[in-house]
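The lines below spell out each chain.
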Amino acid sequence: MGCTFCELTLLRSSSTVILEDSVVICIPDNRPIVRGHILLIPKRHVQNVFDLPEREYRHVMYILRTISNGVSLAYNPKMVAVFVAGYQIQEHGHIHILPLNEGLADTLSNTPLRDRDEWAKESLRAEALKVIAALSTSYKGGV
Ligand SMILES: [Zn+2]
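It should be emphasised that the depicted structure is a prediction, and the values quoted were computed from it without experimental measurement. (Residues numbered from 1 in each chain as written. Predicted model: local features only at pLDDT ≥ 70, side-chain atom pairs only at ≥ 80, totals over all residues.)

## Let's talk about unusual backbone geometry
To keep things clear, this is the line we draw: Put plainly, a residue is buried at 20 or more neighbouring C-beta atoms within 10 Å of its own, exposed at 12 or fewer, and partly exposed in between, counting only other residues' C-beta atoms, which are placed from the backbone.
Positive phi is not limited to glycine here, since Asn76 has a value of about 45°. Exposure remark for Asn76: the 9 C-beta atoms within 10 Å place this residue in the exposed category.

## Comments concerning the nonpolar core
Operational definition: We define a nonpolar core as a collection of buried residues of the types Ala, Val, Leu, Ile, Met, Phe, Trp, Tyr and Cys that are connected via C-beta atoms lying within 7 Å of each other. The secondary structure listing takes helices from DSSP runs of H or I that are at least 4 residues long and strands from runs of E that are at least 2 residues long, numbered from the N terminus.
By size, the foremost hydrophobic cluster in this structure holds 26 residues, and its most contacted members are Cys26, Ile38, Leu40, Val71, Ile97 and Val131. When residues of this core are assigned to their parent elements, the largest contribution, 6 residues, is made by helix α2 (residues 54–75).

## Side note on the environment of Arg44
Note that Arg44 resides in the loop between β3 (38–42) and α2. Residue classification places Arg44 among the partly exposed residues on the basis of 17 C-beta atoms within 10 Å. Residues Arg44 and Gly93, 49 residues apart in the sequence, show an inter-C-alpha distance of 9.1 Å.

## Here's the deal with the pairing of β3
Which entries qualify depends on this criterion: Any two strands with at least two DSSP bridges between them are considered paired.
Taken across its 5 residues, β3 has 5 buried, putting it largely inside the fold. A two-sided burial pattern is seen for β3, the buried positions comprising Ile38, Leu40 and Pro42 on one face and Leu39 and Ile41 on the other. With 3 bridges connecting them, β3 and strand β5 (residues 94–100) associate as antiparallel partners. Note on β5: the bridge partner recorded for Leu39 is His96.

## Some points on the sheet that holds strand β4 (residues 79–85)
Rules: Placing a C-beta atom from the backbone of each residue, one calls two residues in contact when those atoms lie within 7 Å. Angles shown run from 0 to 180 degrees and are taken between the N-to-C directions of axes, each axis being a line fitted to C-alpha atoms and, for helices, limited to the stretch in contact.
The strand order β1-β2-β3-β5-β4 describes an open sheet built from 5 strands, whose pairing is antiparallel. With partners counted over all chains shown, the strands left at the sheet margins are β1 (19–20) and β4, one partner each. Summarising the sheet, β4 and β5 pair through 7 bridges and their orientation is antiparallel. Residue pairing across strands places Phe83 opposite His96, the latter belonging to β5. In the packing of α2 onto the sheet, contacts are made with β1, β2 (24–28), β3, β4 and β5, and the angle to β3 comes to roughly 165°.

Here it is, written out as structure tokens:
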């Protein structure tokens, strides 16, 4: 009831879908911390990604590596940071993927929130397309 991450039709219509299969959907975070900030969302509603059935969990990890590789190709960052989320604002477990060139704390303090919001409105789709292009050379699909 009212879980935004279970509203797949809404996610598809309001975001640029980077990758979708029967288990997951990947979209840009609409309040990105950095360019290329992506959400990997299992379609099954669980509060914690670690609570997924084993087969789905393994697939999520496979896609996590796939998307991280795409982000690396698209942005050539010093590192691709990943954090698993759930329990908090969103009740639907998901994973954040962020290309970083400095630590997360420095990234947060060096990028004012207002700037991030403005930037997000302008370029979420363009950033998603960069990752999609990178994936097209590295991801062959399959569940
Ligand atoms: Zn949900």
